[in-house]
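Secondary and tertiary structure notes
Here's the letter readout for the chains.
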Amino acid sequence: MYSLIIVDDDELIRKGLEKVIPWEGMGLEVVSTFPSAVDALGYLKTEPVDVILTDVKMPGMTGLELVEEAKKLHPRCKAVIISGFSEFELVKNALTLKVEDYLLKPLSQGDIEKVFRKLVSELDAQQHPAADADTSFRTGYDIVTMLSREYELWNEYRPQAVNKLVLVSSGSSAGLEQALCRVPHVSKGQYTAFIAPVEGYEAQVEAVREAIAGPYRMVVGSDVFWADDIVPSFWGAFGMLPEADEGKVSYHDDRKGDETLRLVHLERKVLIDMIEGGNQEQAEAAVEEAIAKTGALRPEEQGYVYCSIIYKLLVYFSMKDSIGEYQYGSINFSNAAPDELAARFREDFHRLTEMLSARSDSNSRLLISRTQRYVREHYGDPSLRLQQIADELQISYGYLSSIFTHIAGQSFKQFLIEVRMEEARKLLLSRRYRIYEIADKVGYSNPRYFNEAFRKYYGCSPVEYLRNLRSQEGAGS
């Protein structure tokens, strides 16, 4: 059982978090709650804790200041922060403090449990580290997952046309945190990976080289345009890292980068369609076709095409917790024979489909996956209804409605609103559209209804949301 403290100056939220969330069922014990960061820091000076859950804005001391001081006292302590929609600048600062995650108000029990189950898994992994040959590769999966999340958050503030991913292997990470405080990065074990804008990454590389005391290897991966590009860029860099020159910066020669990215996206879609349609034989044939298409690629390119496909399938089917079952870890992509890489790819794909079919409710989950995908592709249709999707999938409306709530943990209506509001927020932050244009794009034919839905979801109108964001940006400049 891991110890947890809750810090929030709102008594209702503080008591609600303590009483409503099933902490013990997740392996956590609330040892104390505090109405202020000052009180919590006083407790931490005498009592170590494993996890801190804290609000950002509190009188006397902010939650981020508390986390910073707590990590000085207990470096292994983990922290999750609670922030409001108007506190994005503070959330960005949290990345430099290595906050494990953040929760955006209004708080959802499902989101809270998801964050803390993942955090407990990380604590378990630290207490019982794996000792087999795949450890470094599973660490790589963790880095990709965390870096993708931080990049998406960071990119809301500083969108760039092109970015660079850099992977560092070093026996010591001392000094790296400070050198990388202004860019999204992840340090785990001997590896550190970071992403910087193309016009500034060389300066970041130099800062990292100066911060490392001792031998290191550093690889600059293929270009990152979108969050999805992080996966092939990272695995391409990871594959050539063992062959990189010590003490120098090596560059991933991605002559076929566009081809490999297109191949990953195409094969992912084909395989998802085959799996969801229950066409195992056709899915296996598609795997063989993907292997044939990589024949002209270099081994490291083949390796990260296979890894990227498997990773994307794991993410799509919510199976990232099963990553430890996959076995590319013992392979050096640069030296591996194509037959060996292909055999590993086949084996991982078979294991993935077997685990899917072994789920007692696998068919239902696949139907919900298809339903959710349909919503994400058609949320702009004002007439979108569950009945329409049931007809498309050729199943009973009543059955789909019942299993959706059971498996997704929310009603179809709630999910549709969530997708539309998240898309509306992205369009709003782009500052390229008027409110009525955004309303139309996310499926609201009447702007007034859109404003009401936005206010109910985010606690403010779209105009107020932008005004608060601008005030934060102005305060930070």
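Let me sum up the structure you'll find in this document. (Residues numbered from 1 in each chain as written. Predicted model: local features only at pLDDT ≥ 70, side-chain atom pairs only at ≥ 80, totals over all residues. Heavy atoms only, no water.)

Looking only at helices and strands, one finds 20 helices and 10 strands in the chain. Expressed as a percentage of the 477 residues in the chain, the buried residues total 50%. Per element, the accessible surface of the chain, about 22,500 Å² overall, is 48% carbon and sulfur. (Helix = DSSP H or I, 4+ residues; strand = E, 2+ residues; numbered from the N terminus. Buried < 20%, exposed > 50% of the residue type's maximum accessible area, 1.4 Å probe, protein only. Areas by Shrake-Rupley, 256 points an atom, 1.4 Å probe, with all protein chains shown as cover.)

For residues that are not glycine, phi is negative in most cases, and the peptide bond is trans in most cases. You will see that Arg431, though not glycine, has its phi angle at about 60°, which is positive. Along the chain, Arg431 turns up in the loop between α17 (412–430) and α18 (435–441). Using a relative accessible area of 39% as the deciding quantity, one classes Arg431 as partly exposed.

This part takes up the nonpolar core. Soluble globular proteins tend to bury their nonpolar side chains together. By size, the foremost hydrophobic cluster in this structure holds 54 residues, and its most contacted members are Leu167, Phe234, Trp235, Leu313, Phe345 and Phe349. Taken together, the elements giving at least two residues each to this core come down to α6 (135–155), β6 (163–170), β8 (191–197), α9 (230–240), α10 (257–276), α11 (280–293), α12 (299–316) and α13 (338–358). Tallying contributions element by element places α12 first for this core, with nine residues. If near-sequence neighbours (up to four positions away) are discounted, Leu313 is found in contact with Arg268, Leu271, Ile272, Phe349 and Leu352. Among the nonpolar cores identified, the runner-up in size contains 33 residues, and Ile368, Ile407, Phe412 and Leu428 belong to it. (Core = buried A, V, L, I, M, F, W, Y, C linked by side-chain atoms within 4.5 Å. Contact = heavy atoms within 4.5 Å.)

Given a rise of 1.5 Å per residue, 19 residues ought to cover 27 Å, and the 27 Å separating the end C-alpha atoms of α17 matches this to within 8%. Burial in α17 covers these residues: Phe412, Phe415, Leu416, Val419, Arg420, Met421, Ala424, Arg425, Leu427 and Leu428. (Expected span 1.5 Å × (residues − 1).)

Taken as a whole and assessed by the stated rule, the structure comprises 13 salt bridges. Where Lys293 meets Glu267, a salt bridge forms, and the shortest distance between an N and an O atom there is 2.9 Å. Residue Lys293 is found in helix α11, and its partner Glu267 is found in helix α10; the two are separated by 26 residues along the sequence. Residue class for Lys293 comes out partly exposed when judged on its relative accessible area of 32%. Across the pair Glu464 and Arg455 runs a salt bridge whose closest N-O atoms are separated by 3.5 Å. Residue classification places Glu464 among the partly exposed residues on the basis of a relative accessible area of 27%. Residue classification places Arg455 among the partly exposed residues on the basis of a relative accessible area of 42%. Residues joined by salt bridges that share partners form a network here, namely Glu267, Glu289 and Lys293. (Salt bridge = Lys/Arg side-chain N within 4 Å of Asp/Glu carboxyl O.)

This part is about the packing of aromatic side chains. What describes a pair of aromatic rings is the distance from one ring centre to the other and the angle between the planes of the rings. This model, assessed by the stated rule, comprises 13 aromatic pairs. Ring centres of Phe454 and Tyr465 lie 5.7 Å apart, and the angle between their planes is 85°; on these two criteria the pair is classed as edge-to-face. Placement of the pair is Phe454 in helix α19 (residues 447–458) and Tyr465 in helix α20 (residues 462–476), with a sequence separation of 11 residues. Comparing Phe454 with Tyr465, the two get one shared label, buried. For the ring pair Tyr457 and Tyr458, a centre distance of 4.8 Å and an interplane angle of 75° mean the geometry is edge-to-face. Each member of the aromatic cluster is reached from another via a ring pair, and the members are Tyr444, Phe450, Phe454, Tyr457, Tyr458 and Tyr465. The residue whose ring lies beneath Arg420 is Tyr444, and the NZ or CZ to ring-centre distance is 5.5 Å. (Phe/Tyr/Trp six-rings, centres within 6.5 Å; stacked < 30°, edge-to-face > 60°. Lys NZ or Arg CZ within 6 Å of the ring centre and 35° of its normal.)

It is worth spelling out the sheet that holds strand β4 (residues 78–83) at this point. The five strands lie next to each other as β2-β1-β3-β4-β5, forming an open sheet whose pairing is parallel. Only two strands of the sheet have a single neighbouring strand rather than two, namely β2 (28–34) and β5 (101–104). Taken pair by pair, the neighbouring strands of this sheet meet at an average axis angle of 20°, ignoring direction. As defined by bridge partners, strand β1 (residues 2–7) adjoins strand β3 (residues 51–55) across four bridges and the pair is classed as parallel. Each bridged residue has a counterpart across the sheet, and for Ile5 the counterpart in β3 is Ile52. Lying over the sheet, helix α1 (residues 11–20) contacts β1, β2, β3 and β4, oriented at roughly 165° with respect to β2. (Pairing = 2+ DSSP bridges. Axes fitted to C-alpha atoms, helices over the stretch in contact; angles between N-to-C directions.)

A few words now on the packing of helix α15 (residues 386–393) against helix α16 (residues 397–408). Their axes nearest at 9 Å, the elements α15 and α16 cross at an angle of 110°. Comparing the axis directions of α15 and α16 gives the class roughly perpendicular. Considering only the axes of α15 and α16, their crossing is right-handed. Together, Leu386, Gln387, Ile389 and Ala390 of α15 and Tyr397, Leu400 and Ser401 of α16 make up the contact between the two elements. Here the contact of α15 with α16 is built from residues that sort into five nonpolar, two polar and no charged. (Parallel < 35°, antiparallel > 145°, perpendicular 65-115°, else oblique. Left-handed = near helix turned anticlockwise from the far one by under 90°. Nonpolar A, V, L, I, M, F, W, Y, C, P; charged D, E, K, R; others polar.)

Looking now at the sheet that holds strand β7 (residues 185–188). Taken in spatial order, the five strands of this open sheet run β7-β8-β6-β9-β10, and their pairing is mixed. A single partner strand is all that each edge strand has here, and the edge strands are β7 and β10 (249–251). When strand polarity is set aside, the average angle formed by the axes of neighbouring strands in this sheet is 20°. In this structure, strand β9 (residues 216–220) lies alongside β10, joined through three bridges in parallel fashion. Paired with Val219 across the bridge in β10 is Ser250.

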